[in-house]
Amino acid sequence: MSAGSKGRNRPPIPFCIPWTDRREIRKVTEAVRSGWLTTGPKVQELEEGVARLVRARHAVAVNSCTAALHLALATSGVGPGDEVITSPYTFAATGEAILYLGEKPVFVDIVPETLNNDPREVARAVTRRTRAIIPIHIAGLACDMQPILDLALRRRLLVIDDAAHALGTAIGGRPIGSISDLTCFSFYATKNLTTGEGGLITTGDGRLADRLRRLSLHGLTRNAWKRYTREGSWRYDIVEMGYKYNMTDVAAAIGLAQLRKFPVMQARRRALARRYSRALGAVEAFILPKEMPGTTHAWHLYILGLRRGLLRIGRDEMIEKLRERGIGTSVHFLPLHRHSFYRKTFGYRRGAFPVAEEASGRVLSLPLYPGLSEPAQDRVIEALLDLVSRHRK
C-alpha cells in the first residue's frame, strides 16, 4: 500500500482547530449566567489583560480586526483622497479598511525572505498625500520597523500596525502592540488567541483610546454601555457618528480563558515550528520561514516555500496531493492587486508587484496550532517528504 493510499484511510488533519476546553466553557457559562451578554465587565477585563501582555497603555476591544483597522484610520484624521501605504501581500481587510473612508491604498512590494513590507519601497512611495503607513507582520514575523518608524517621524505620518498575525511578536523584547501609534490585532477563530470573532486596538494615547471606544459604540458618550446597570444612567449623548463595532462579553469570556493559557499555547507553537524546521530543513526543494535576529516570532503560521525548478509539480498540485491524504493547508496570500475588484478599480496588471506575485505562487501554510499532536505533525512531514521523493526532477 502506498503512502498516499494509507493517508486516505486516516483521520483528516485540519489546517487549524482552535484549542478550547472546559476553561472556555466555564468562562462563557459564567458570562451567560451573569445576565450580561453584550459589552460589559468581561470586555473591560480582556482589554486590561491584553494591554498588560503587550505593554500598551490602552486597549479597545472590537468585533473584528477589520473594525479595528477602520477605527484606527477613522480616528487618525485621514479622509477622501489621502494615501495610506501598505503591502498587497495581505488579507482583504487591510485594503477594505483604507477604502471605507475614501482613502487610496498605495501598495508597495515585499522582502522575499520575510514576505513583509520592504522599508525601501515604503520610503519611495511617500507623496504629499500620504497620511499613514500600515505595516503587515506576516505569519507573526515582525516587520523591519525602525526604518518605517524613522520615516514616519520625519514625514509626520501615522503608523498603524496590522498585527492580525502578531500577538506574541516582539522586537528587541518589546511586544508588537506597544511600538507604533496604533496596533490592530485579530481574535478570529484561527488566531493565536481567539474570541471566535473579534479584534482589539492598542495605543499609548489616552484621548485616542477614548475616541476609539466611543466610535466603536455608535458615538455614544463614555461608559454608555453601563446605562442598564445600577451605576449607569439612561441619559447618554451621541457625540459623533459612530459604528456598531463593540465586542460582546460572551466573546470576551472565550478570550479571557485563552489569555490565561496564552504562554502555554505560544510555547507549543514554537515547539511545533522547530519540529517542522528540523525535519524539512535539509530538503533542497523547500524554503523554510525566516526567524530574524532580535525578534520573537509569534508563529501564527508556518509558511513553507517551494523552490522553483526542483519538482515536477507546483504549489497548487502539492496542496491537492496533501488534501488527498487528508491534510489541510492554506495559502497566505494571493496579493490584493491580483483580485478582480482591485484590477477593475485601480487597473493593476500582472507584474505590478513582482516579488509579492512570485512569493504567492510558491508558498503554502502547513497545519500549526497548539492542539496539533506530534503524530499528526509527523504525518504532515512524512507526506511532504514522500511527495518530494516522488516528484523530484
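For clarity, every value in this text was computed on a predicted model and none was experimentally measured.

Enquirer: Tell me about the nonpolar core, residues and numbers included.
Expert: Membership of the largest hydrophobic core comes to 47 residues, with the highest contact counts inside it found for L71, L73, Y89, I138, I160 and C184. Contributions of two or more residues to this core are made by β1 (58-62), α4 (65-74), α5 (92-100), β8 (182-186), α8 (206-215) and α13 (354-360). Ranked by residues supplied to this core, first place goes to α4 with 8 residues. Judged by nonpolar contacts, the second largest core, of 29 residues, contains L272, Y302, L366 and V380.

Enquirer: Summarise the sheet that holds strand β13 (residues 363-366); cite the residues concerned and give the values.
Expert: An order of β10-β12-β13 is seen for the 3 strands of this open sheet, with the pairing classed as antiparallel. Sheet topology places β10 (286-287) and β13 at the edges, where each strand pairs with a single neighbour. Of the strand pairs in this sheet, strand β12 (residues 302-306) and β13 are connected by 4 bridges, and their pairing is antiparallel. Bridge pairing in β13 places Y302 opposite L366. Contacts from helix α10 (residues 262-280) reach β10, β12 and β13 within the one sheet, and its direction differs from that of β12 by about 20°.

Enquirer: Explain the packing of helix α3 (residues 41-54) against helix α9 (residues 249-260) residue by residue, including any values.
Expert: The contact between α3 and α9 brings their axes to 8 Å, and the two run at 35°. Both α3 and α9 take part in a crossing whose hand is left-handed. Contact residues: α3 offers P41, K42, V43, E45, L46, G49, V50 and L53, while α9 offers D249, A252, A253, G255, L256 and L259. Partitioning the contact of α3 with α9 into residue classes produces 9 nonpolar, 2 polar and 3 charged.

Enquirer: Residue-level account of empty space enclosed by the protein, with values.
Expert: Inspection of every chain in the model, using the stated rule, returns 2 cavities of 30 Å³ or more. When its volume is computed, the largest cavity comes out at roughly 50 Å³. In this structure, the largest cavity is lined by 13 residues; those nearest its centre are P18, W19, K191, R269 and P370. Taken together, the residues that form the lining of the largest cavity break down as 7 nonpolar, 4 polar and 2 charged. By volume, the second largest cavity amounts to about 30 Å³. Contributing to the lining of the second largest cavity are A164, H165, A166, L167, S186, K191, N192 and L193. Counted by class, the lining of the second largest cavity contains 4 nonpolar, 3 polar and 1 charged residues.

Enquirer: Run through the side chain of H337, naming residues and quoting values.
Expert: Take H337: it is sitting in the loop between α11 (315-324) and α12 (340-346). At 2.7 Å, the side chain of H337 forms a polar contact with the side chain of E357. Apart from residues no more than four positions distant in its own chain, H337 is found in contact with P88, F107, Y342, R343, Y348, R349, A352, F353 and E357.

Enquirer: Can you tell me about the packing of aromatic side chains, naming the residues and giving the values?
Expert: The geometry of an aromatic ring pair comes down to the distance between the two centres and the angle between the two planes. Under the definition given, this model contains 11 aromatic pairs. Between Y89 and F333, the ring centres sit 6.2 Å apart and the planes meet at 80°, which makes this aromatic pair edge-to-face. One end of the pair, Y89, is in the loop between β2 (83-86) and α5; the other, F333, is in the loop between α11 and α12, and 244 residues separate them in sequence. Taking the relative accessible area as the measure of exposure, F333 reaches 9% and is therefore buried. With 6.0 Å between their ring centres and 45° between their planes, F346 and Y348 make a pair best called tilted. For F346, a relative accessible area of 30% corresponds to the partly exposed category. In this structure an aromatic cluster arises from ring pairing among F107, F341, Y342, F346, Y348 and F353. A cation over an aromatic ring shows up here: K261 above the ring of W19, its NZ or CZ 4.7 Å from the ring centre.

Enquirer: Can you explain the pattern of salt bridges? Please cite residues and give values.
Expert: According to the stated counting rule, one finds 20 salt bridges in the structure shown. Residue R213 is joined to E47 by a salt bridge in which the shortest nitrogen-to-oxygen separation is 3.0 Å. Of this pair, R213 sits in helix α8 while E47 sits in helix α3, placing them 166 residues apart in sequence. Between R214 and E240 there is a salt bridge, with the nearest N and O atoms lying 3.0 Å from each other. Separated by 26 residues along the polypeptide, R214 in helix α8 and E240 in the loop between α8 and α9 bring together distant segments of the chain. Note on R214: relative accessible area 21%, which makes it partly exposed. Counted as one network, the salt bridges with shared partners bring together D21, R23, E24 and K261.

Enquirer: Talk me through the sheet that holds strand β6 (residues 170-171); I want residue IDs and the actual numbers.
Expert: An order of β7-β6-β11 is seen for the 3 strands of this open sheet, with the pairing classed as antiparallel. The two strands at the open ends of the sheet, each matched to only one other strand, are β7 (174-175) and β11 (295-296). Across 2 bridges, the pairing between β6 and β7 is antiparallel. When the bridges of β7 are listed, A170 appears paired with P175.

Thresholds applied
- Residues numbered from 1 in each chain as written.
- Predicted model: local features only at pLDDT ≥ 70, side-chain atom pairs only at ≥ 80, totals over all residues.
- Heavy atoms only, no water.
- Core = buried A, V, L, I, M, F, W, Y, C linked by side-chain atoms within 4.5 Å.
- Buried < 20%, exposed > 50% of the residue type's maximum accessible area, 1.4 Å probe, protein only.
- Helix = DSSP H or I, 4+ residues; strand = E, 2+ residues; numbered from the N terminus.
- Pairing = 2+ DSSP bridges.
- Contact = heavy atoms within 4.5 Å.
- Axes fitted to C-alpha atoms, helices over the stretch in contact; angles between N-to-C directions.
- Left-handed = near helix turned anticlockwise from the far one by under 90°.
- Nonpolar A, V, L, I, M, F, W, Y, C, P; charged D, E, K, R; others polar.
- 1 Å grid on protein atoms, 1.4 Å probe; cavity = no way out; pocket = protein on both sides within 12 Å on 5 of 7 lines; lining within 4 Å.
- Points joined across faces, edges and corners; volume = space filled by probe spheres on them.
- Polar contact = N/O pair within 3.5 Å; in protein donor to acceptor, adjacent residues only side chain to side chain.
- Phe/Tyr/Trp six-rings, centres within 6.5 Å; stacked < 30°, edge-to-face > 60°.
- Lys NZ or Arg CZ within 6 Å of the ring centre and 35° of its normal.
- Salt bridge = Lys/Arg side-chain N within 4 Å of Asp/Glu carboxyl O.

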